[in-house]
Every structure is written in structure tokens, then in C-alpha cells.
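Structural features, examined
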Amino acid sequence: MKVGYVQNSPLFGEKEKNFAQIEKLIDNIQADLIVLPELFATGYTFISKEEALNLAEKINGDTSIFLQQISQKTGAIIVGGFVEKEGSKIYNSSMMIFKEKIIGTYRKIHLYNKEKMWFSPGNKQFMIYEVNNVKIGIMICFDWIFPESARSLALLGADIIAHSANLVLPYCQNAMKTRCLENHVFAITANRIGTEERGKDKFIFTGASQITAFDGEVLSSAPVSEVFVDIIDIDIKAARNKSLNEFNNLFKDRRQELYKL
Ligand code: ACM
């Protein structure tokens, strides 16, 4: 299976220009799954809820139309982030598209920093979606720091975690090795690059998008400050075997009766 990511450098608030950059970056690429960053078309550093609301869309808005176009072009399932509007609430969401279909959405459960001022926290459980016999789970950026996120997706049967991100802390790429190893899943962390200085905030996004294998091996690592695309071959069968050896199974050995959750 050919999977990969796009690491972009969005301009704040410039959806059309950001769509165009992605379109250029994926020119001539064919794949089965491509993950785009969190909020890849809007930028990240909002200074008010109104501003985020102005860039928000219903599920079937411009971003979903764009993702449908690039899915048709590349043949790939596409996962990417957007500001989702439902009634008066907005969510930091990610959607999965295949060809002309919206397969599903995920609303970020663990909001980071001032995201809590604009976004409502995700109000739906972690879910996986099966497309072309592959089970794909979605989480977004800061969800990585809660082991429960990747664990929930793995327990639901995810082969691959599509992890759209706008990372600003330096820990995630290393942590994902453990997340993948402890769950025997693949993960595609699609990050962005660049700096956004808006209001009182200045965020430097850390690039280094990463594809991590079920055994913790890093299969692809992007530069820290260049736009970048990578597509690699993986064999998802390995992620379906949760045994480490004859005696240890990552799921069957869990001792839930002794955990305080
Ligand atoms: C983050 O969750 N975007 C840091």
C-alpha cells in the first residue's frame, strides 16, 4: 500500500492559495492514502473566535470539494484538517475523503492552548473507517500526548493512524515511535512548516512530518523547514498482529481490572 503525507507552508487565511500550493505539491503523485496537516488551508494562529468562524465550513464546504478533487487526481484516500462549523459551534476537525465521497470526520478531542478559546472540544468518540480493506483512524496533533487516543484507535482495529498536525512542541515525533510500538499500528504524522505571529502569539511549526511503523521504526522523516511530500510502500498486515512473542500480546495482556482510569 502506498501511503504518504504533504508537509505544507500555509498562508494564514488564504484558503485558495493554500489549496493551490497543495495541488502543485501533489502533481503527478499516485497513492492509496495521503495525509495533510491540521488546518492545512486556513492556518492555525487565530486571534478571535470570529476569525475562526469566518474560516469555518460545513462538512461539504470548499475544503471537502478541494479534497475530492485531489482524491480523484491521486487515486488516494485523503485526510486533512479544517475548521468545522455546526450551528454556532466550531471544531478543529479532520475529514477523510475518497474520490467523491466524504467517508467521515473527526473533531479534535484534546485541544491545545488557545484552541480552547475558539473551538469546542470534540464531542464524538474516536472512530475508524474502513476503505479498500484498510482500517484508518484519525487523530489530530496534540491528541498524541494522550496515549488513550492512539490506544482507542488501535483497539477499534486501526491499521494506520492518520495524524494531521500543526506541531509546535519538539516531542511528538519521538513519542509517535512509542505510540506505534505499544499499539502495533502505523502512523502518518503530517505536519506543517513556517512561523505565524499573530496577536500575542508566535508559533514556529516544527515540520519533520513522519511515517512511523508498527515496530517504532521511522520510515519517512521530512525536513524541518521545507515543504515536502513523501509516498512510501507499507505492508499493513504487520499491524494486525499484536503479539510480541509466544507469550506476550499487546491487547490480550492488558490488565484493565488493575488500572485506575
Ligand atoms: C497542536 O495541537 N496543534 C499543537
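The structure reproduced in this document is the subject of the present report. (Residues numbered from 1 in each chain as written. Predicted model: local features only at pLDDT ≥ 70, side-chain atom pairs only at ≥ 80, totals over all residues. Heavy atoms only, no water.)

1. Here's the deal with the overall build of the protein chain
Note the following rule: A helix here means a DSSP run of H or I that spans at least four residues, while a strand means a run of E at least two residues long, and both kinds are numbered starting from the N terminus. Using C-alpha atoms as the atom set, the radius of gyration is obtained and then compared with a globule rule of 2.2 Å times the number of residues to the power 0.38. Burial status follows relative accessibility: with a 1.4 Å probe on protein chains alone, a residue under 20% of its type maximum counts as buried, one over 50% as exposed, and anything between as partly exposed. Two residues qualify as a contact provided that any one of their heavy atoms is within 4.5 Å of a heavy atom in the partner residue. In short, Shrake-Rupley with a 1.4 Å probe defines the accessible areas, and a residue's cover is counted only from the protein chains shown.
For the protein chain, the count of helices and strands is 6 helices and 14 strands. Against the globule reference of 18 Å for 261 residues, the protein chain gives a C-alpha radius of gyration of 17 Å, in line with a compact fold. Structurally, the protein chain occupies a C-alpha span of about 55 × 45 × 35 Å along its principal axes. The 261 residues of the protein chain split such that 53% are buried. The contacts of the protein chain with a sequence gap of at least 6 include a subset with a gap of at least 24, amounting to 69%. Working note: accessible area of the protein chain is about 11,800 Å², and carbon and sulfur atoms make up 51% of it.

2. A word on the environment of N132
Note on placement: N132 falls in the loop between β6 (128-131) and β7 (134-140). According to the relative accessible area criterion, N132 is exposed, its value standing at 53%. Expressed as a C-alpha distance, the spacing of N132 and F46, which sit 86 residues apart in the sequence, is 37 Å.

3. Here's the deal with the nonpolar core
Rules: In plain words, nonpolar cores are sets of buried Ala, Val, Leu, Ile, Met, Phe, Trp, Tyr and Cys residues tied together by side-chain atoms within 4.5 Å.
Formed by 44 residues in total, the largest nonpolar core has its most connected members in V3, L33, M96, I160 and I188. Broken down by element, this core gets its largest block of residues, 5 residues, from β7.

4. Observations regarding the pairing of strand β1 (residues 2-7)
Using the following cut-off: Following DSSP output, two strands are said to pair if at least two bridges run between them. For a crossover, the right-handed case is the one in which the path from the first strand over the helix to the second runs clockwise, viewed with the strands pointing away from the viewer.
A large share of β1 lies buried, amounting to 5 of its 6 residues. By the bridge criterion, 6 bridges tie β1 to strand β14 (residues 228-233) in an arrangement that is antiparallel. Bridging across to β14, Q7 finds its partner in F228. Both β1 and strand β2 (residues 33-35) contribute to a ladder of 3 bridges, which runs parallel. By the bridge assignment, V3 is partnered in β2 with L33. Handedness of the crossover is the feature at issue here: the chain leaves β1, passes through helix α1 (residues 15-25), returns alongside β2, and the resulting connection is right-handed.

5. With respect to the side chain of T42
With respect to the helices and strands, T42 occurs in the loop between β2 and α2 (49-54). Look at T42 and you get buried, because its relative accessible area is 3%. Setting aside anything within four residues of it in sequence, one finds T42 in contact with L11, F12, G13, K15, N18, L55 and V83.

6. Description of the sheet that holds strand β5 (residues 101-107)
Heads up, the condition is: Axes, fitted as lines to C-alpha atoms, cover a helix only where it is in contact. Angles between the N-to-C directions of the axes lie from 0 to 180 degrees.
The mixed open sheet is built from 6 strands, whose spatial order is β5-β4-β3-β2-β1-β14. The open sheet has two edge strands, β5 and β14, and neither has a second partner. Neighbour-to-neighbour, the strand axes of this sheet turn through a mean angle of 30 degrees, independent of strand direction. With 3 bridges connecting them, β2 and strand β3 (residues 77-86) associate as parallel partners. Directly across from V35, in β3, lies its bridge partner V79. Of the strands in this sheet, β2, β3, β4 (89-98) and β5 are in contact with helix α3 (residues 62-74), which crosses β4 at around 20 degrees.

7. A look at the side chain of E57
Threshold: By the criterion applied in these results, polar contacts are pairs of N or O atoms within 3.5 Å in which, for protein atoms, one can donate a hydrogen and the other can accept it, and in which residues neighboring in sequence qualify only through two side-chain atoms.
By the secondary structure assignment, E57 is in the loop between α2 and α3. For E57, the side chain forms a polar contact with the main-chain nitrogen of D62, separated by 3.1 Å.

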